Amino acid sequence: MTRQSGPAPDGYDPRADREPRRVREPAPGVSHHEPISLRRRLALNRMGTFDWDLDRGFMDLDAGALEVFDLHPDEYDGAPLSLASRVPPEEGERLDAAVSQALQEGTSSYGAYFRVRCRDGTPRWTHSQGRILHDEDGLPYRIVGIVREASGELADSSLLRSLQQERHRQTVMVQQVTAALSRALSVEDVTRVLSGLGGARRFGADGLVLGLAADARFEVIATAGLEGEVPEGMMNSRLDDTLPLSDAAVSRRPSFLSTRGELVARYPRLRPYSDLLPTGSASFLPLIAQDTVIGALGLFNAEPAVQSTEAKNLALALAGVVAQSLQRATLFDQEREFATGLQETMLPRRVPAIPGGDVTVRYHPASVGRDVGGDWYDVIPLPQGRTGLVVGDVQGHDTHAAAVMGQLRIALRAYATEGHSPETVLVRASRFLAELETERFATCTYVQADLESGALHVARAGHLGPLIGDGNRHLDWPDVRGGLPLGVATAFGHDHFPETQLFLEPGSTLLLCTDGLVEQPGRDISAGLEALSAAFRSGPGDLEALADQLSAQLWAEPGSDDDMALLLLRRLAVPGADTTPRLRLHVHQADPSGAAEVRSALRRRLDQWRAGEVTHHVEVAASELIANALTHTESGALICVELVEGDPRRIRLEVEDRSSSWPRRRSPGETATSGRGLMLVEALADRWGAEPRGSGKALWCEFELPEAGTGAGTGAG
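What counts and how
Going along each chain's sequence as written, the residues are numbered from 1 onward. At least 70 in pLDDT is required for a residue's local features to be given in this predicted model, at least 80 for side-chain atom pairs to be given and counted, and no such filter applies to totals for whole chains, interfaces and linings, which use all residues. Derived side-chain values reflect all non-hydrogen atoms in the structure, with water molecules and hydrogen atoms excluded from consideration. Grid spacing is 1 Å over the protein atoms alone, the probe is 1.4 Å, and a cavity is where that probe fits but cannot get out, while a pocket is an open set with protein on both sides within 12 Å along at least five of seven lines and lining residues have an atom within 4 Å of a point. Grid points are joined across faces, edges and corners, and a volume is the space filled by probe spheres set on the points. Helix and strand assignments come from DSSP, with helices taken as H or I runs of at least 4 residues and strands as E runs of at least 2, each series counted from the N terminus. In this classification, Asp, Glu, Lys and Arg are treated as charged, Ala, Val, Leu, Ile, Met, Phe, Trp, Tyr, Cys and Pro as nonpolar, and every other residue, Gly included, as polar. Pairing between strands is defined by DSSP: at least two bridges between the two strands are required. Geometry is summarised by axes, namely lines fitted to C-alpha atoms with helices restricted to the contacting stretch, and by angles between N-to-C directions that run from 0 to 180 degrees. Between two residues, a contact is recorded if the distance between any of their heavy atoms is within 4.5 Å. Stacked, tilted and edge-to-face are the three classes applied to pairs of Phe, Tyr and Trp rings, where Trp contributes its six-membered ring and a pair requires centres within 6.5 Å; stacked means planes under 30 degrees apart, edge-to-face means over 60, and tilted covers the rest. Buried, partly exposed and exposed residues are distinguished by accessible area as a fraction of the type maximum, computed with a 1.4 Å probe on protein chains only: under 20%, between the cut-offs, and over 50%, respectively. Salt bridges are identified by distance alone: a Lys or Arg side-chain nitrogen within 4 Å of an Asp or Glu carboxyl oxygen.

1. A short note on empty space enclosed by the protein
Then, in step 1: Taken as a whole and judged by the stated rule, the model has two cavities of 30 Å³ or more.
Then, in step 2: Its volume calculated, the largest cavity comes out at about 290 Å³.
Then, in step 3: Forming the walls of the largest cavity are 19 residues, and the residues nearest its centre are V209, V230, M234, L245 and L270.
Then, in step 4: Looking at the lining of the largest cavity, the elements that each hand over two or more residues are β7 (217-224) and α8 (244-251).
Then, in step 5: If one sorts the elements of the lining of the largest cavity by residue count, α8 sits on top with three residues.
Then, in step 6: Residues belonging to the lining of the largest cavity are distributed by class as follows: 17 nonpolar, two polar and no charged.
Then, in step 7: Computed from the structure, the second largest cavity encloses a volume of approximately 100 Å³.
Then, in step 8: I468, F503, R582, L583 and R605 are, among the 14 residues lining the second largest cavity, the residues nearest its centre.
Then, in step 9: Among the elements of the structure, β19 (500-503) and β22 (582-587) are those that each provide at least two residues to the lining of the second largest cavity.
Then, in step 10: Each residue belonging to the lining of the second largest cavity can be placed in one class, and the counts come to seven nonpolar, one polar and six charged.

2. Digging into the sheet that holds strand β11 (residues 292-300)
Then, in step 1: In spatial order, the strands read β8-β7-β6-β11-β10-β9; together these six strands make up an open sheet with antiparallel pairing. Since the sheet does not close on itself, it has two edges, and those belong to β8 (236-238) and β9 (255-257), each with one partner. Recorded for the sheet is a direction-independent mean angle of 20 degrees between the axes of neighbouring strands.
Then, in step 2: As paired strands, strand β6 (residues 207-214) and β7 are joined by seven bridges and run antiparallel to one another. Among the inter-strand pairings, L208 is bridged to a residue of β7, identified as A224.
Then, in step 3: Lying over the sheet, helix α6 (residues 187-195) contacts β6 and β7, oriented at roughly 45 degrees with respect to β7.
Then, in step 4: Where α8 meets the sheet, its contacts fall on β6, β7, β8, β10 (282-289) and β11, and the angle it forms with β11 comes to roughly 145 degrees.

3. Observations concerning the packing of aromatic side chains
Within a pair of aromatic rings, the relevant descriptors are the distance that separates the centres and the angle that separates the planes.
Then, in step 1: For the structure on display, the rule yields two aromatic pairs.
Then, in step 2: Between F284 and F300, the ring centres sit 5.6 Å apart and the planes meet at 80 degrees, which makes this aromatic pair edge-to-face. Separated by 16 residues along the polypeptide, F284 in strand β10 and F300 in strand β11 bring together distant segments of the chain. A single burial state applies to F284 and to F300, both of which are buried.

4. Some thoughts on the pattern of salt bridges
Then, in step 1: In this structure the tally under the stated criterion is 37 salt bridges.
Then, in step 2: Note that R584 and E505 form a salt bridge whose closest N and O atoms lie 2.9 Å from each other. Taken together, the residues R584 in strand β22 and E505 in the loop between β19 and β20 (509-513) connect sequence positions 79 residues apart. Across the pair, E505 and R584 agree in class, each one buried.
Then, in step 3: Close ionic contact of E702 with R652 constitutes a salt bridge, the shortest N to O distance being 2.8 Å. Taken as a pair, E702 in strand β26 (residues 696-704) and R652 in strand β24 (residues 650-657) lie far apart in primary sequence, 50 residues in all. Of the two residues examined, E702 and R652, each falls in the buried class.
Then, in step 4: Residues participating in the shared-partner salt-bridge network are R650, R652, E654, E656, R687, E691, R693, E702 and E704.

Printed below as a string of structure tokens:
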């Protein structure tokens, strides 16, 4: 048969003046001019019809529709659920959502794209469009429509692109929520993520409410995006079906509501508080992890909407992420509560009263992280009215560190109460730790305090030294030599912890702390020590208030991933007693570096007193008097320097030894190598002399300070 050369007169032929591509006809048996039935016409366009009797639940599919679903006639029995073999569940939900929305809104038609899984496993985009018939009472009873293959139509269509974009958006939302919650360790962390900035928006919502279910009660723990505060009666309520969140938890089923009116109608108990709720749609999702109901999540939107199947599936997926995070966080909180409880049992239950002084302590476990550390403190009553003060830190942040800390604290306390010197106490503690068969080491500072005399004997094992501040807020970090950390010192055969003698004057305060108070990630510890000095200097005078402020300002506010122990000891000022600013130091007779450490401490204190050029004179005089005491006597030297008020103000320096031999001023020759010490003191000081003491003598000298404005002042420094 030959194709006509052209159409009939005045007709239109799309083949005219074109050369169509020759293809093999996929629909044989159709003649050129034979009439084609309506069903055949539809089938040729990969289209079929259906007639769905809603009352009987029967859906008739013609041959074309069966072909679209890739079904043989014997594979379909007229029940809509028979299509489940070709329509995946998520696509069936998409189609059902479109039909349900049309029925709820009372529209006369609907349309939806969905995918069919062919018998060979390949997906096929399909479109269904139906006309909903209503009876005389307005109730739907029948749906008549068409189904057609739409794969080619959607290949480059904006609809497919929008579906892909929507799925990409949903994927990104799940990733963002998962990433944000992955860093949440505790329940408090989870609530911070959900109620913080952008919390509700991560879920594609304008508002959010989160609650936990336990012991037949439902407690709201986080809210975001609501108009006001949740009423107290709604924050903690009985677990029942009168409120949407607790209903979701009890029934273990989600609910999706289109408007605020629909929400209030279903839960009349919300009516008095409806102004708090956004006006639009809402979702209430049970939080279930490992078949255990943890709580429920409510999502609110400002705009009314019938939520699509995709939106519901996304909400359920996000609820699953939240449930897993809450379950993990709950377990974390339980573990942490156990660990901190263990650590607290290892610390002193009370701090004993100290005659002549006030003491206060602060301890805080790490503010972030799962594990606890090995920080500890102790206040130990000692023989002869003395007091032992300890602050230390066992390496590590876990329950093992806490257990080692408890054993070490008890051992060190036992050695101290036997009356041993600070060095001996640390030596024995180091050997005890080395014998525990643990790889952990510990740092520690131990102070033996005699508040009657103010003498402090300090030994240090790899730990921070003490800070001393007097009543005028003059601060000093005295040089306290130390040894290696406990355990390590014994392992390396260097368990030697030299003692340093300091003095705490009436009204002065001693501070001991662990590095959790002064160290922050990425910051040099010197900056932390400077911040501690500034906070101590500007802090309140009351010891308890000072401890609270130091803890809050240096540890709580910046947040720390380390434990912190803080101990403050104040020597009480005797009413009516002299409160002259004073520094006292001791140099052992066999300590060759003691004089240099005294000069360093003198220089710092005189700078605080704004002594100006007099500082050098005092420093030289102190060196000479100390040298005389160490050279010509068999005892050490006790150095005391005071700021004496008067007109003019003056610095008084005393060096005391235990020798009864009186000093003698000599006149050395030009070639003499000694004998000029008292000559220098006489030349530099405004006056000098010697005084007998109960166990020896004291050489003293005084230096007048220039008036304020001429190079010296009285600032606190």
